Amino acid sequence: MTTTIRILKESFHWKNFLLLFFCFLLTEGIFSWLFIRNSLVIEGYTKLLGIGIYAFMLARYRTLEKDERIYLFLFTAVMLRLVGESVIKYDTLFRQLTLFTVLFPVVYVVFTKYLLRTTGMDPLPFFAKFYLLTYTIFMILFGRGFSFNLALTDMTDYGPFSGDTRIIHASHILMMIVPLLWYIHRYVVTGMGKYLLPVTFCVVVILLHQHRSVWSSALVAVFFYFIAVIRNGMLQTGRLTKILIIVTGIAALTYFFAANLLPGFVDFLSDRFSEILNPAREGSTGNFRLEQREVYGRLFLQRPVFGWTFEGFEMPNPLVDWWPPLSGQHFHEGYMEMLFYLGIAGLLLKYSFLIYLLVKVFSKNITGNSIILAAFCISGLVFSFNYVLPLIFWAVTGMALYYMEQDKLNLSKNNPG
């Protein structure tokens, strides 16, 4: 009996692939929507998965690395505090499970790193191809209404959709940065022109969906990627010059044809880009985020350390009245979500992984996989000013830490003294 299966030219033991499928792939909204077209079912599955993973990690506590045990201990301490508050104030074990899911990414990062270490998987090449294929299938099935006019769409279940003619929500387009960096790196290390085709595809996807938060995040990710590969001697001066010439040439040709054939479209994109530098423009989503930040910032200052927890979840929305009662505050911004619900303590616990990767990306003796994933995760620090990071993002963060750990182990083996 064959124990391995081959998918997207990558081989997995069948048990490992099942773990990838149920613990990671189904947490990606545009993938799970291909099978389960009901947000309540997907949300329920994600919460049950989170509880199951947390229980699993508690059972494996003694086998974890020291830093992993610290994170699990701190997460458990926060949960016990919430349980105590819930029992005392609301006479129930845990008033709102959503507060568990808000901080669960801490456990998810540790779980991903632990699982990859124990199975020895090398999932990055598969993930890069997975996103290209999943995006393509999703747009074939659901992208018929795509247009550039940003017209709102009325849906009974928005799921992974953006709610307008961009079709896909920014949090899912964000993940296209992973294959973008992967194929850029393939070209950097091999110089083979065939990798420029998927790079171009990723750039077009990111550009055409018009999520300015993703544009900013992609630019940041590419910037830190090139800083790291140059620092680690992976990019020779001659090849860097060649890349700059190719990028400049493609950009110039694209602008020439677009400006002559679709002048209105060029002006439209320029206007969209200008909103990145002017987020307070009247009527823009950036302006709404600033209003939300101002209102909830004042509330945060009233309880800065541990946040409003359950009271904040049940508080009437101070900005809009269309959300159902007791459904939370529905934050646009990831930072403000953490500061409001769980205070500075929760924010530092959750985002400390990304700060660590920001520091490590300047290290020497790290491999291409580590550079790719670290650069992508750093872009999450920018994206969090606009949206809450998706759960699958934190799985990739755990993946980045795993590859960093492998680099450190390999360096120790090669330099035992």
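This text goes with the structure placed above it.
Treat the numbers as computed from the prediction; the structure is a model and nothing was measured. (Residues numbered from 1 in each chain as written. Predicted model: local features only at pLDDT ≥ 70, side-chain atom pairs only at ≥ 80, totals over all residues. Heavy atoms only, no water.)

Caption draft 1: Spotlight on the packing of helix α9 (residues 177–190) against helix α10 (residues 196–208). The geometry of α9 relative to α10 is characterised by a closest axis approach of 8 Å and an angle of 150° between their N-to-C directions. By the angle between their directions, the pair α9 and α10 is classed as roughly antiparallel. Crossing angle aside, the handedness with which α9 passes α10 is left-handed. Where α9 abuts α10, its residues Ile177, Pro179, Leu180, Tyr183, Ile184 and Tyr187 lie against Leu196, Pro198, Val199, Cys202, Val203 and Ile206. For the contact of α9 with α10, the residue count by class is twelve nonpolar, no polar and no charged. (Axes fitted to C-alpha atoms, helices over the stretch in contact; angles between N-to-C directions. Helix = DSSP H or I, 4+ residues; strand = E, 2+ residues; numbered from the N terminus. Parallel < 35°, antiparallel > 145°, perpendicular 65-115°, else oblique. Left-handed = near helix turned anticlockwise from the far one by under 90°. Contact = heavy atoms within 4.5 Å. Nonpolar A, V, L, I, M, F, W, Y, C, P; charged D, E, K, R; others polar.)

Caption draft 2: Main features of the pairing of strand β1 (residues 4–7). Where β1 and strand β2 (residues 10–13) come together, four bridges link them in antiparallel fashion. Note on β2: the bridge partner recorded for Thr4 is His13. In this structure, the hairpin formed by β1 and β2 is closed by a connection of two residues, where Leu8 is found at a positive phi of approximately 55°. (Pairing = 2+ DSSP bridges.)

Caption draft 3: Region of interest: the environment of Leu115. Relative to the elements of secondary structure, Leu115 occurs in helix α6 (residues 105–119). Residues Leu115 and Leu20, spaced 95 residues apart in sequence, show a C-alpha to C-alpha distance of 9.8 Å. Sequence-distant contacts of Leu115, that is, excluding residues within four places in its chain, are made with Leu19 and Phe24.

Caption draft 4: Representation of the packing of helix α3 (residues 39–59) against α6 in the model. At a minimum axis distance of 10 Å, the contact between α3 and α6 shows a crossing angle of 60°. Classed by the angle they form, the pair α3 and α6 counts as oblique. By crossing handedness, the relation of α3 to α6 is classed as left-handed. Listed contacts from α6 to Ile53, Tyr54, Phe56 and Met57 of α3 are Val107, Tyr108, Val110, Phe111 and Tyr114.

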